[in-house]
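# Geometric and topological summary
Now for the letters of each chain:
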Amino acid sequence: MTLPPQAPNAPPVQPIFELIEVEQVFEVPKPGRPLFSRDTVGLRALDGVRLSIRKGTSLAIVGESGSGKSTLLRVLLGLDKPSGGRALYRGKPIGEARAQGTDFARDVAMVYQDARGSLDPRMTIGAILAEPLRHFNIVPPEGEAQRIAHLLDRVGLPVDAAERFPSGLSGGQVRRVAIARALASEPSVLVADEAVSGLDVSTQAQLLTLLQSLQRDMGLTLAFITHDLGVASYLCEEIAIMYLGRIVETGPTDAVLNAPAHPYSAALRAAAPQFFEPLSEPLPGEIPSPLDLPKGCRFSTRCPVAQSDCQSKDPQLGKLGSGRAVACIHPITQA
Amino acid sequence: MTERMTDVALPPVLTLRDLTVHRGAAKILDRVNLSLGQGETLALVGESGAGKSTIAVAIMRLLGNAKIDGTIELAGEGDLLALTERQMVKLRGQRLSMIFQDAGAALNPSYTVGRQLSTTLRRIQGLSKDAARERAVELFTSVGINDPEGRMSAFPHQLSGGMQQRVMVAIALAGSPDLLLADEPTSALDVTIQAQIVRLILTLTRERGASCIFVLHDLALASQSCDRIAVLYAGQVVESGPAHDVLEHHRHPYTQQLKSCVLEIGTKTLTAPEGTVPSHAQMPPGCRFSTRCPRALPRCAGEAPPLVPVRSTAAGPLDHHIACWNPE
C-alpha cells in the first residue's frame, strides 16, 4: 500500500460535520417476548461512527440495507439525537445548532429518496419552490417568480413546469424538482439519500451530470448516500463504506476502490457488475441482525479471510496511509 | 473470459415472430422478433417502458385480454397464442415458469413458503402430501436456504429479500421447466445478494439444461450472465445478438447511448443523453428512437427499419441483428 504521502499536518480546518464515536441505540421489543411483556433490547443502529465532512468535499456513504446509512443521515440532519458520542456541525452539537433558529435548516438541505413522496401532490411546482424562499426570506415577494424560473432553469426544467403538479412530471423530473427545492434556500451542504436510484440509466446520467455541475459551480458540500459504487466513484471524492452500523473503511474514493483494504469493501467492489468480467464469487450469507451482533469483528461471520483473532477482537477504525482509515485487524495489503 | 456459444447449432426452444401487443391505440410491443436456443441465456435490456417485462409476461400468456398479434412458438407446443387457457395452465410451471421482480409481493403472505412450494409440486408433479414435502425440503436445500426444514413453516414476511427470492427460484424450478423467465430478479436486492441470486439461477438452469430469459436493466450484469442480448427501445428490438457482439461491436445508436450511460467503477466522464422516450401518443410511425437519435435521417421517423442480420466481423456468422437505417 503505497500512496503519495500528504503534508504531515495539513492546517486544521474545521469540518462542516464531525461525528465522534456516534452511537444510536434504539430500544425495540425483545424478539420472542411474551404477549403484554415490555421487555426491550437495544438495537445498535450506529456503533462508534467516526466521520468528518470538510467544506466543499463530496462524500459517498455506501453500504447495504441495514448498514445504518439512513440512521446516520438522520443524525447528520439533527432529526435524531445520537444516544452516544458527539455529532458536531461547525464545531457545535447538531441539536444545539438546530435549536438556534433557521440557519442550520437553511444551510443544510436534503434531497429525499422518495422524491415524489416528498412533494405535496396538491401544490404546483411553483408553490413547492416558493415555500422555502418565503420561509427563509431569500427573495422579496416581487422577485419570487423570477427566482423560481431561475431555479427551474438551473436543474434543467422548462419554466412552465412551475404551473404543473408533481403528478404531471416523470420520475426524473420530480427528482429535479426535489433538487431545485433543496437549492432554494441557498444551502452550502446538500445531503441526498439515494437521489438517483431506481431510475433508468439515461435519466440517472442526466441527474448525475446535473449534480456534479451544481457541486462544482456552487461549491456545495455533498453527502451522498448510495448503494452503487459506480455512482460513488463518479460523483464523490471521498467514500465511507458502512457495515452493520459502523464505518469499516473510508478515504479518497479512487484509492479505496482501486485497492480496498477492508475485505468487505473488496467484496462490494467485486460484486459490482463489470463488463465481461466473470461473475464474482459472492459473499456467503447475509448481513447479521443488529440485535445479535457477531462477537469480535462484526464482519467476521462472512469474511473470506477471517482468522481466529477476528472473532475475539472488535477492530476500530484506524489510520491507514494518507487520508484513509480501515476497521480491520488483517487489512488487505496490495503486493 | 467465458466462452460464448453461438446459436447456429442449437435448436430453438422459443421463437417470437412479429410479436405485437396493443394497449388501446398504442402498440406497447411492436413486431418483436427473437429466438432462443436450448440451454441459452438471453438478456432483454432497455429502459422502463421498453417492453422487456411485457415480452416475458406475454410468453407466459398473462397479459389478460390485451390484443396480441404475431406468434410465440415453443418447441413441441406450437404457437402458444393459439392454445386454450386450459392447455396453457398445464404448460406453466412445467415447460415455462417465471421469477418475478418483487418476490415479497409475488409470494402469498398468508401461507407458509413450505406450503406454497408443496402445493406447486403436488399440482405439477402429482406428488402425495408427504412426497411433496420431502421434495420441497430438497428444493429449498438446492437453492441455498439454510435450515430448510425449519424454513418450511416460515411465512414470507419472516424471510429477508434474498431468502424470499430463493423461495421464488425454488417454486419456479419445481416442475423442471425448460424455459425460465426471470423478470429483474435482483433489482430489489443488495449487490452482494444480487451476485448470489444471479449465480444461483445460472447454475440451476445450466444443471437442468434449461434456457433462460433474463429481464435486466444493467448492461454490465447482462454481459456477465448471458450468452445473448436483445436491446429494446419503446417496444421495439433495436439490436440483438451474441452478448460480446452487441456490446463491443454495436451498430445501433441506441445501444451506443445505453452503454455510454453505464457507470463502471472509475468512470469519470459521462455524457447524458438529451430528452426522454416519447409518449405512445407521440410515437413516430417509423423508428421510435428517431426523435432522440444523433444519426437520424429524414426517412427514419416515417419508415420503420426492419431487423436485419449483419456480420460483426468480416468472417463472422450472421447472428447479429439490427434495426436501423443508418447504422454505425
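Provided above is the structure to which this section pertains.
These figures come from a predicted structure and were not determined experimentally. (Residues numbered from 1 in each chain as written. Chains lettered and ligands numbered in written order. Predicted model: local features only at pLDDT ≥ 70, side-chain atom pairs only at ≥ 80, totals over all residues. Heavy atoms only, no water.)

As a further point, take the packing of aromatic side chains. Residue and element names in this part refer to chain A. One pass over the full model with this rule turns up nine aromatic pairs over all chains. For the pair Phe-17 and Tyr-89, a centre-to-centre distance of 5.6 Å together with 50° between the ring planes defines the contact as tilted. Linking Phe-17 in strand 1 (residues 17–29) with Tyr-89 in strand 4 (residues 84–89), this pair joins segments that are 72 residues apart in sequence. Tyr-89 matches Phe-17 in its accessibility class, with the two residues each being buried. Look at Tyr-243 and Tyr-264: their rings are 4.5 Å apart centre to centre, the planes differ by 50°, and that puts the pair in the tilted class. Remark: Tyr-264 occurs in helix 10 (residues 263–271) and Tyr-243 occurs in strand 9 (residues 238–243); sequence separation between them is 21 residues. Of the residues examined, Tyr-243 reaches a relative accessible area of 0% and is grouped as buried. Counting every residue linked through ring pairs, the aromatic cluster contains Phe-17, Tyr-89 and Phe-104. (Phe/Tyr/Trp six-rings, centres within 6.5 Å; stacked < 30°, edge-to-face > 60°. Helix = DSSP H or I, 4+ residues; strand = E, 2+ residues; numbered from the N terminus. Buried < 20%, exposed > 50% of the residue type's maximum accessible area, 1.4 Å probe, protein only.)

Residue and element names in this part refer to chain A. Within the structure shown, the criterion is met by zero disulfides over all chains. Cysteine Cys-328 remains unbridged, with the sulfur of Cys-303 as its closest cysteine sulfur at 6.3 Å. Exposure remark for Cys-328: the relative accessible area of 18% places this residue in the buried category. (Disulfide = S-S within 2.5 Å.)

We now examine the packing of helix 4 (residues 125–135) of chain A against helix 6 (residues 171–184) of chain A. Residue and element names in this part refer to chain A. Closest axis-to-axis distance for the helix 4/helix 6 pair is 8 Å, and the angle between their directions is 25°. Here helix 6 runs roughly parallel to helix 4, going by the angle between their axes. Crossing of helix 4 against helix 6: the hand is right-handed. Facing Ile-125, Ile-128, Leu-129, Pro-132 and Leu-133 of helix 4, the residues of helix 6 in contact are Val-177, Ala-180, Arg-181 and Ala-184. The residue makeup of the contact of helix 4 with helix 6, split by class, is eight nonpolar, no polar and one charged. (Axes fitted to C-alpha atoms, helices over the stretch in contact; angles between N-to-C directions. Parallel < 35°, antiparallel > 145°, perpendicular 65-115°, else oblique. Left-handed = near helix turned anticlockwise from the far one by under 90°. Contact = heavy atoms within 4.5 Å. Nonpolar A, V, L, I, M, F, W, Y, C, P; charged D, E, K, R; others polar.)

Residue and element names in this part refer to chain A. Counted at 1.5 Å a residue, the expected span for helix 6 with its 14 residues is 20 Å, and the 20 Å between its end C-alpha atoms agrees. When you tally the buried positions in helix 6, you get 11 out of 14 residues, the bulk of the element. Here helix 6 has its buried residues at Gly-172, Val-174, Arg-175, Arg-176, Val-177, Ala-178, Ile-179, Ala-180, Ala-182, Leu-183 and Ala-184. Its buried side turned inward, helix 6 meets strand 6 (108–111), helix 4, helix 5 (144–154), strand 7 (189–193) and helix 7 (201–218). Looking one or two residues past helix 6, Glu-186 carries a phi angle of roughly 55°, positive in sign. (Expected span 1.5 Å × (residues − 1).)

Below, the discussion takes up the side chain of Thr-250 of chain A. All names here are of chain A. Within the fold, Thr-250 resides in strand 10 (residues 246–252). Only 3.1 Å separates the side chain of Thr-250 from the backbone oxygen of Ile-239, close enough to count as a polar contact. In this view, Thr-250 contacts Ile-239, Ala-240, Val-256, Leu-317, Gly-323, Arg-324 and Ala-325; residues no more than four positions away in its chain are not counted. (Polar contact = N/O pair within 3.5 Å; in protein donor to acceptor, adjacent residues only side chain to side chain.)

For the rest of this paragraph, the subject is the sheet that holds strand 11 (residues 308–310) of chain B. All names here are of chain B. The strand order across the open sheet formed by eight strands is 6-7-8-3-9-10-12-11, and the pairing between neighbours is mixed. The two strands at the open ends of the sheet, each matched to only one other strand, are strand 6 (96–99) and strand 11. Strand after strand, the sheet turns through a mean of 20° between neighbouring axes, direction not considered. Inspection of the sheet shows strand 9 (residues 228–233) paired to strand 10 (residues 236–242) by six bridges, in the antiparallel sense. Looking across to strand 10, one finds that Arg-228 is bridged to Pro-242. Across the sheet, helix 1 (residues 52–59) is in contact with strand 3 (41–45), strand 6, strand 7 (179–183), strand 8 (211–216) and strand 9; its angle to strand 8 comes to roughly 145°. Across the face of the sheet, helix 11 (residues 253–260) comes into contact with strand 3, strand 9 and strand 10 while running at roughly 100° to strand 9. (Pairing = 2+ DSSP bridges.)

With that settled, consider the interface of chain A and chain B. Counting residues at the interface gives 37 residues for chain A and 46 residues for chain B. Between chain A and chain B, the buried area comes to about 3700 Å², and carbon and sulfur atoms account for 59% of it. Among the residues of chain A in contact with chain B, Phe-275, Phe-276 and Leu-279 of chain A are the three that bury the most area, contributing 25% of the side total. Taken together, chain A and chain B are joined by two salt bridges. Asp-254 of chain A serves as the salt-bridge partner of Lys-268 of chain B, at 3.0 Å between the closest nitrogen and oxygen. On the surface where chain A and chain B come into contact, there are 20 residue pairs in polar contact (both at pLDDT 80 or more). Broken down by element, the side of chain A that touches chain B gets its largest block of residues, eight residues, from helix 7 of chain A. When its residues are assigned to classes, the side of chain A that touches chain B shows 18 nonpolar, 11 polar and eight charged. (Buried area = accessible area lost by both parts, 1.4 Å probe. Salt bridge = Lys/Arg side-chain N within 4 Å of Asp/Glu carboxyl O.)

All names here are of chain A. Positioned with a positive phi, Asn-137 is a non-glycine residue whose angle comes to about 50°. Although it is not a glycine, Leu-244 adopts a positive phi angle of roughly 50°. With respect to the secondary-structure elements, Leu-244 resides in the loop between strand 9 and strand 10. Taking the relative accessible area as the measure of exposure, Leu-244 reaches 1% and is therefore buried.

Turning our eyes to something else, we now look at the pattern of salt bridges. For the structure shown, the criterion picks out 30 salt bridges over all chains. Here Arg-50 of chain A makes a salt bridge to Glu-21 of chain A, at a shortest N to O gap of 2.3 Å. Residue Arg-50 of chain A is located in strand 2 (residues 40–53), and its partner Glu-21 of chain A is located in strand 1; the two are separated by 29 residues in the primary sequence. The exposure class of Arg-50 of chain A is partly exposed, given its relative accessible area of 33%. Among the salt bridges present, the one from Arg-31 of chain B reaches Asp-30 of chain B, with a minimum N-O distance of 3.2 Å. Overlapping salt bridges bring together Glu-23, Arg-44, Asp-47, Arg-246, Arg-298 and Asp-314 of chain A as one network.

Residue and element names in this part refer to chain A. Pairing is mixed in the open sheet, where eight strands are placed in the order 6-7-8-3-9-10-12-11. With partners counted over all chains shown, the strands left at the sheet margins are strand 6 and strand 11 (318–319), one partner each. Alignment of strand 11 against strand 12 (residues 325–326), held across two bridges, turns out to be antiparallel. Residue pairing for strand 12: Gly-318 is matched across the bridge by Val-326.

As far as function goes, none of this settles anything; it's purely spatial.
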